Amino acid sequence: MSTLKPFKVLILCTGNSARSIFGEYLLRALGRGRFETFSAGSHPTGRVNPLALRVLKERYGLDANDACSKSWDEFRDVKFDFVITVCDRARESCPLWPGQPVVGHWGSPDPAAVAGSDEVKYRAFVTVASEIARRVELFCAFSDEQLAAFRPADLNAVAVQSQPAPAEEPAR
């Protein structure tokens, strides 16, 4: 058991309605008290996508009904240990944060942008949540001492390591 205080983590996307909410709630649950987690958006939608709440409840047993979509401006004076962007637009416009946190990128596609039937949309949310959950699991596998020594490249590597290996081409 570590004597370190919980790491403060901010997870960012554009709308703060799905991907960053997944990251916040999954890291809080899987981190078992090791992380103080927050999420925000560069242009928050003002509401959490109901499919995100449904996936967290049905697939992970997490009640996120208290989640709310908020601006990253609410956190401009907070000192974080880690800031993780989960969409490319948030990465491109990510502000500088006080205290020089380790900043990394775990990009995922926007499930809310998927068109189709309700089932197709739900599957998109499940897929993105699974991708983020895998990254969170890898991140949580590091000891507190290892996390305290993390650099941006280490944080970015978590996203790379969570990708499935490419399928091999059949021999000709």
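Our subject is the structure listed above.
Residues numbered from 1 in each chain as written. Predicted model: local features only at pLDDT ≥ 70, side-chain atom pairs only at ≥ 80, totals over all residues. Heavy atoms only, no water.

A.B. asks: Quick rundown of the nonpolar core? Include the residues and the values.
C.D. replies: Formed by 41 residues in total, the largest nonpolar core has its most connected members in Phe22, Phe82, Trp106 and Phe139. In terms of residues, this core owes the most to one element, helix 4 (residues 118–140), which gives 11 residues. With eight residues, the next largest nonpolar core counts Leu12, Phe75, Val83 and Trp97 among its residues. (Core = buried A, V, L, I, M, F, W, Y, C linked by side-chain atoms within 4.5 Å. Buried < 20%, exposed > 50% of the residue type's maximum accessible area, 1.4 Å probe, protein only. Helix = DSSP H or I, 4+ residues; strand = E, 2+ residues; numbered from the N terminus.)

A.B. asks: Describe the pattern of salt bridges, naming the residues involved and giving the relevant values.
C.D. replies: One pass over the full model with this rule turns up seven salt bridges. Note that Arg34 and Asp144 form a salt bridge whose closest N and O atoms lie 2.7 Å from each other. Of this pair, Arg34 sits in the loop between helix 1 (19–30) and strand 2 (35–41) while Asp144 sits in helix 5 (residues 144–148), and the two are 110 residues apart along the sequence. Between Asp154 and Arg151 there is a salt bridge, with the nearest N and O atoms lying 3.6 Å from each other. (Salt bridge = Lys/Arg side-chain N within 4 Å of Asp/Glu carboxyl O.)

A.B. asks: Describe the pairing of strand 2, naming the residues involved and giving the relevant values.
C.D. replies: Here strand 2 lies mainly inside the structure; five of its seven residues are buried. Bridge count for strand 1 (residues 7–13) against strand 2 is seven bridges, and the pairing is parallel. Residue pairing in the sheet places Cys13 in a bridge with Gly41 of strand 2. (Pairing = 2+ DSSP bridges.)

A.B. asks: Explain the layout of surface pockets residue by residue, including any values.
C.D. replies: Approximately 220 Å³ is the volume attributed to the largest pocket. In this structure, the largest pocket is lined by 15 residues; those nearest its centre are Gly15, Ser17, Arg19, Asp110 and Ala112. Classifying every residue of the lining of the largest pocket by side-chain character gives four nonpolar, six polar and five charged. (1 Å grid on protein atoms, 1.4 Å probe; cavity = no way out; pocket = protein on both sides within 12 Å on 5 of 7 lines; lining within 4 Å. Points joined across faces, edges and corners; volume = space filled by probe spheres on them. Nonpolar A, V, L, I, M, F, W, Y, C, P; charged D, E, K, R; others polar.)

A.B. asks: Pulling in residues and values, what's your account of the side chain of Ser71?
C.D. replies: When you line up the elements, Ser71 lands in the loop between helix 2 (50–60) and strand 3 (82–85). Here Ser71 is in contact with Ala40, Gly41 and Pro44, once residues within four sequence places are set aside. (Contact = heavy atoms within 4.5 Å.)

A.B. asks: Kindly report on the packing of aromatic side chains, identifying the contributing residues and their values.
C.D. replies: Tallying each qualifying case throughout the model produces 12 aromatic pairs. For the pair Phe82 and Phe150, a centre-to-centre distance of 6.0 Å together with 85° between the ring planes defines the contact as edge-to-face. Separated by 68 residues along the polypeptide, Phe82 in strand 3 and Phe150 in the loop between helix 5 and helix 6 (152–161) bring together distant segments of the chain. Exposure class is identical for Phe82 and Phe150. Each is buried. When the ring of Trp106 is compared with that of Phe139, the centres are 5.7 Å apart and the planes differ by 75°; the resulting orientation is edge-to-face. One end of the pair, Trp106, is in the loop between strand 4 (102–105) and helix 4; the other, Phe139, is in helix 4, with 33 residues separating them in the sequence. The exposure class of Phe139 is buried, given its relative accessible area of 0%. (Phe/Tyr/Trp six-rings, centres within 6.5 Å; stacked < 30°, edge-to-face > 60°.)

A.B. asks: A description of the sheet that holds strand 3 should follow, citing residues and the corresponding values.
C.D. replies: What the four strands build is an open sheet, ordered 2-1-3-4; its pairing is parallel. Only two strands of the sheet have a single partner each, and these edge strands are strand 2 and strand 4. Taking the axes of each pair of neighbouring strands and ignoring which way they run, one obtains an average angle of 20° across the sheet. Where helix 1 meets the sheet, it contacts strand 1 and strand 2, and its direction lies at approximately 175° from that of strand 2. (Axes fitted to C-alpha atoms, helices over the stretch in contact; angles between N-to-C directions.)

Geometric values such as these leave the question of function open.
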